[in-house]
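Reading the structure
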Amino acid sequence: DVKVTQSSRYLVKRTGEKVFLECVQDMDHENMFWYRQDPGLGLRLIYFSYDVKMKEKGDIPEGYSVSREKKERFSLILESASTNQTSMYLCASSRGPDTQYFGPGTRLTVL
Amino acid sequence: AQSVTQLDSQVPVFEEAPVELRCNYSSSVSVYLFWYVQYPNQGLQLLLKYLSGSTLVKGINGFEAEFNKSQTSFHLRKPSVHISDTAEYFCAVTSWGSSASKIIFGSGTRLSIRP
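The numbers attached to residues start from 1 for each chain and follow its sequence in the written order. The order in which chains are written sets their letters, starting at A; the order in which ligands are written sets their numbers, starting at 1. In keeping with the model being predicted, local features are shown solely for residues with a pLDDT of at least 70 and side-chain atom pairs are shown and tallied solely at 80 or more, while totals for entire chains, interfaces and linings include all residues. Heavy atoms from the whole structure form the basis of all side-chain values; hydrogens and water molecules are not counted.

Let us now look at the overall build of chain A. Each helix corresponds to a stretch of at least 4 residues labelled H or I by DSSP, and each strand to a stretch of at least 2 residues labelled E; elements are numbered beginning at the N terminus. Along chain A, the regular secondary structure elements total zero helices and eleven strands. For chain A, the N- to C-terminal ordering of α and β elements is β-β-β-β-β-β-β-β-β-β-β. As defined in this context, the radius of gyration uses C-alpha atoms, and a globule is described by 2.2 Å times the residue total to the power 0.38. Taking 13 Å as the expected radius of gyration for a compact globule of 111 residues, we find that chain A reaches 13 Å, a close match to that expectation. A principal-axis box enclosing the C-alpha atoms of chain A has dimensions of 35 × 25 × 25 Å.

See the structure below:
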């Protein structure tokens, strides 16, 4: 059974903290994605990666960075968390343009 | 550029009634189309997809969708809904030959089932 796991389901951080969200997939997929999901806005792409050490900006990359040192792992970094980054963060992976497989999500609250 | 429009943000339906969730897309190239479902407090999972072939696609949990190229639509249907179908549904599109394999998601339709 395919699996995408995210390091935390719920996370509470303070303004200005550095935050790491980790995502791991076990399907040997070349593509990995980070989205944020907010009510009424659907899913918005933050960053994606199509290979190890490769990354491309999505629609809302400001305030975020990513790291992909190994094929199975894709990390999202909030360099200095702000309250407007309170959201649900979803990681996904895929092979080519086919189905994306999603993790359970991390609900991040920044106080 | 591609885009996806889900025309209804919320759809209330009585249990055992039929339902249609509407999705229109725009793209200048050939597309792959998807419907994903998100149950409360979970990530998204694939409901069904159209890659090629028959325009009527059947998915899990009794859902089906029809690809209509002339109307650029990919509406989702179920003849009789159950309480367990309460969820948010996302239509998505990506294009053939997309090297980066980005998917564009609609804003979602929240399906609520009344007993």
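Now for the pattern of salt bridges. Within this document, salt bridges are pairs made up of a side-chain nitrogen of Lys or Arg and a carboxyl oxygen of Asp or Glu, the two lying within 4 Å of each other. Under the criterion given, the structure shown has 13 salt bridges over all chains. Here R73 of chain A and E22 of chain A are joined by a salt bridge, their closest N and O atoms 3.7 Å apart. Of this pair, R73 of chain A sits in strand β8 (residues 73-78) while E22 of chain A sits in strand β3 (residues 19-25), placing them 51 residues apart in sequence. The partner of R22 of chain B in a salt bridge is D8 of chain B, with the nearest N and O atoms 3.0 Å apart.

On to the state of the cysteines, then. Residue and element names in this part refer to chain A. Note on terminology: disulfide denotes any pair of cysteine sulfur atoms within 2.5 Å. One pass over the structure, following the stated rule, counts two disulfides over all chains. With its sulfur 1.9 Å from that of its partner, C23 forms a disulfide with C91. Between C23 and C91 the sulfur-sulfur dihedral comes to about -75 degrees; the bridge is accordingly left-handed. With a gap of 68 residues between them, C23 in strand β3 and C91 in strand β9 (residues 87-94) connect regions that are remote in the sequence. Look at C23 and you get buried, because its relative accessible area is 0%. Exposed residues in this analysis have more than 50% of their type's maximum accessible area, buried residues have under 20%, and partly exposed residues fall in between, with area computed by a 1.4 Å probe over protein chains only.

Before going further, it helps to spend a moment on the interface of chain A and chain B. Reports often express the size of an interface as the amount of accessible area lost when the parts come together. Taken together, the contact between chain A and chain B spans 21 residues of the former and 22 residues of the latter. Two parts lose some accessible area (1.4 Å probe) when they are put together, and adding that loss for both gives the buried area. Roughly 1700 Å² of surface becomes buried between chain A and chain B when both sides are summed, with 56% attributable to carbon and sulfur atoms. Taken together, chain A and chain B are joined by one salt bridge. With a closest N to O distance of 2.7 Å, K49 of chain B and D98 of chain A form a salt bridge. We call two N or O atoms a polar contact when they sit within 3.5 Å, provided that within protein one can donate a hydrogen and the other can accept it, with sequence-adjacent residues counted only if both atoms are side-chain atoms. The interface formed by chain A and chain B includes five residue pairs in polar contact (both at pLDDT 80 or more). Those elements that place two or more of their residues in the side of chain A that touches chain B are β4 (31-38), β5 (42-51) and β10 (100-102) of chain A. Three residue categories are used. Nonpolar comprises Ala, Val, Leu, Ile, Met, Phe, Trp, Tyr, Cys and Pro, charged comprises Asp, Glu, Lys and Arg, and polar comprises the others, including Gly. The class makeup of the residues in the side of chain A that touches chain B is ten nonpolar, eight polar and three charged. The criterion used for residue contact is that any of the two residues' heavy atoms lie within 4.5 Å.

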